[in-house]
Amino acid sequence: MSSTKPSQNPEKFTIALLWKNPAFNNKMKHLILSNDNGSVKTLNDFVVLKSRSFRIISTRDFCDEDCPYPDQQVIDLLAHCYSGLHLFILAIDSENVQVEKIGSQIRKFQDIFGQTITEHLVVMFDKYMSNTSLDQLKETFNIELGTLSEHLVHDCMKWCKTRPVFQYHYRDYSEEVVKRRKNDLKWTSGQWRGRQETWGEESREDMQQMNHWPDSNCGRCVRDFQPLYGGGPRNPPSHGMLSFRDADPPPCNHERSGPHAASSRPANLQSTSNVRTETEPEQTIGESNGLRSGDTFNIVLLGLTGTGKSASGNTILTAMNPHLKPKQLFESRPSSIPITTKCQFKTIRSLYSRRVGVVDTPDFLNDEINDQAQVEECKKFCQPGHYVVLLVIQMGRFTEGEKGMLERLEMKLDCRIRENTIVLLTHGENAKGNVQSFIDERSHLRHIVNECGNRCHVFKNTSKEPKQVMELFKKIPDYETIFPEFTEKQSLIGCRVG
Ligand SMILES: Nc1nc2c(ncn2[C@@H]2O[C@H](COP(=O)(O)OP(=O)(O)OP(=O)(O)O)[C@@H](O)[C@H]2O)c(=O)[nH]1
Ligand SMILES: [Mg+2]
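Residues numbered from 1 in each chain as written. Chains lettered and ligands numbered in written order. Predicted model: local features only at pLDDT ≥ 70, side-chain atom pairs only at ≥ 80, totals over all residues. Heavy atoms only, no water.

- The protein chain carries the name GTPase IMAP family member 8-like in an unreviewed UniProt entry, which gives Stegastes partitus as its organism.

**With respect to the pattern of salt bridges**
Working step 1: Here the structure, examined in full by the defined rule, presents 13 salt bridges.
Working step 2: Measuring nitrogen to oxygen at the nearest pair gives 3.4 Å for the salt bridge that ties lysine 380 to glutamate 377.
Working step 3: The structure contains a network of salt bridges with shared partners spanning Glu410, Arg418 and Glu451. (Salt bridge = Lys/Arg side-chain N within 4 Å of Asp/Glu carboxyl O.)

**Some details on helix H5 (residues 152-161)**
Working step 1: When H5 is considered as a whole, its buried residues turn out to be Leu152, Val153, Asp155, Cys156, Trp159 and Cys160. Down the axis of H5, the buried set is contained in an arc of 160°. They therefore lie on one face. For H5, the exposed residues set more than 90 degrees away from the buried face come down to His154 and Lys161.
Working step 2: Packing partners of the buried residues in H5 comprise strand E1 (13-19), helix H1 (22-35), strand E4 (54-60), strand E5 (87-92), strand E6 (121-125) and strand E7 (144-147). (Buried < 20%, exposed > 50% of the residue type's maximum accessible area, 1.4 Å probe, protein only. Helix = DSSP H or I, 4+ residues; strand = E, 2+ residues; numbered from the N terminus. Arc of directions from axis to C-beta. Contact = heavy atoms within 4.5 Å.)

**Here we look at the site of ligand 1**
Working step 1: The environment of ligand 1 is formed by 21 residues, the closest being Lys309, Ala311, Thr340, His427 and Glu429.
Working step 2: At a separation of 3.3 Å, an oxygen atom of ligand 1 approaches a polar backbone atom of threonine 307.
Working step 3: At 2.9 Å from an oxygen atom of ligand 1 is found a main-chain nitrogen or oxygen belonging to asparagine 461.
Working step 4: Compared with its free state, where it exposes 650 Å², ligand 1 has 85% of that area covered by protein.
Working step 5: Counting residues per element, the shell around ligand 1 draws most heavily on helix H9 (residues 309-320), at three residues.
Working step 6: Across the shell around ligand 1, the residue classes break down as six nonpolar, 11 polar and four charged. (Near = heavy atom within 4 Å. Polar contact = N/O pair within 3.5 Å; in protein donor to acceptor, adjacent residues only side chain to side chain. Areas by Shrake-Rupley, 256 points an atom, 1.4 Å probe, with all protein chains shown as cover. Nonpolar A, V, L, I, M, F, W, Y, C, P; charged D, E, K, R; others polar.)

**Observations regarding the confidence of the model for the protein chain**
Working step 1: When pLDDT is averaged along the protein chain, the result is 74; 73% of the residues meet or exceed 70.
Working step 2: Within the model, the stretch residues 253-293 combines pLDDT values under 50 with 101 contacts to residues more than four positions away or in other chains.
Working step 3: For residues 492-498, every residue scores under 50 in pLDDT, and the model assigns this stretch 22 contacts once sequence neighbours within four places are set aside. (pLDDT = per-residue confidence, 0-100.)

**Section: the state of the cysteines**
Such a bond, covalent and formed between the sulfur atoms of two cysteines, is termed a disulfide.
Working step 1: Here the structure, examined in full by the defined rule, presents zero disulfides.
Working step 2: In this structure cysteine 382 is not part of a disulfide, and its nearest cysteine sulfur, from cysteine 378, lies 4.6 Å away.
Working step 3: Exposure remark for cysteine 382: the relative accessible area of 1% places this residue in the buried category. (Disulfide = S-S within 2.5 Å.)

**Comments concerning the nonpolar core**
Working step 1: Grouped together as the largest cluster of nonpolar side chains are 39 residues, with contacts concentrated most on Phe62, Leu77, Phe88, Phe109, Phe113 and Val123.
Working step 2: Elements with a minimum of two residues in this core: E1, strand E3 (46-51), helix H2 (70-80), E5, helix H3 (99-113), E6, helix H4 (132-141) and helix H6 (175-191).
Working step 3: Among residues more than four places away in sequence, those in contact with leucine 77 are Ala16, Leu18, Phe46, Ile57, Phe62, Phe88 and Phe113.
Working step 4: Counting residues in each nonpolar core, the second largest holds 34 residues, with Val300, Phe364, Leu365 and Ile417 among its members. (Core = buried A, V, L, I, M, F, W, Y, C linked by side-chain atoms within 4.5 Å.)

Printed below as a string of structure tokens:
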């Protein structure tokens, strides 16, 4: 955003949408896109929705006390809106209409963006609200109040057309930092351009379903695409406001890096449509050949003791080859002491034209079995663009130990993994009702899932149903590049060795 330049794209209005409840965001997307076709792209904690008339930058409200890195969120928002911003919409769902709270939120916005922000602010409710306190609020701040309705596109158009581009005066966040972040995001989104969703009939149906969270697998996470911070012009910012990023562990980057790492594939990949899946005999780390050659895509299981890391590894291996003998699987059993104390690696030789490895690990956060050598071994399997982490958490047993687990694991590994992580909830057969509400009700779990780009999956390790594994594969960031022969119609059953 510039304090002098007008919008570079005046025919498209830019709107920043801030929400507490993701359902509001979904409704808004649905209403805008069903009336004004477009596309949706997810980038870190932001959803960028482009329709014929609007560019909507949607993110959770950073005034929310649960927002872990508000400064980073603000800078990212400014960066996303750098070409000019017309309107801020603060989404308030009907359960959270507390006028005082809304008032203090508006004051916080004024602190962050300056007093004049209110001229560009619409407080929007999910249903029609009218009471004297709201009228007072409107008067005090001279803001617009709105309601989500089928006239949303028309209303937004009216609000945008009657306002000049918002002038942000760089005070708390320098323009340099915002520009650098913009370039960073531009690079990242360029990398993922191919993954942008186009909004057709099918997507619209998906969105309707998304509002109801129909399946146990936070199903639409597959639509969230996160960058692998594997290299490229990431430009760690030097500005103090970005101290979190400055302090971030570096991305795992042992041998490969650079902007093409995520999609790089060796020329010697088998290109056979007759995909073979096979599990080699057990190999402990260090013995496996070809490991560091970069052609293996690794699924790395991390998590606390007893949560089901090994069992989940076995579910994946068995889905590929149901004939495996117990000794070809990871040891998994109920126990009061840790069972897995060393990293173990098993390969599925070729899956959708890609050699795949499953890496089981000990609980790296357990001080009793703390072995840095094992951590170092694990890191060798985390080459940018060649791995996904499954962060295993047992449903119904989210303990104190899991608080801050993602950050602690990143510290331990000395590398940033969240962009490559899917949260894997085990014991899915115990899931009563809606998994999304299970997550939403637990702020620490919600934080982890959010930080992992909302990628989340549920396993029932008691089930041999391979569909749960196929659905998991579809949530791997950039899975279509990693598994070029993976198609919707293909099932793992069809890929098994006969
Ligand atoms: N019912 C049910 N049991 C599960 C599930 N996942 C794991 N378990 C059981 O939980 C117990 C512990 O699972 P493991 O896979 O050994 O756990 P781990 O995380 O590898 O534990 P360590 O190796 O000690 O770190 C085993 O008895 C598993 O069979 C699940 O989805 N449902
Ligand atoms: Mg284990």
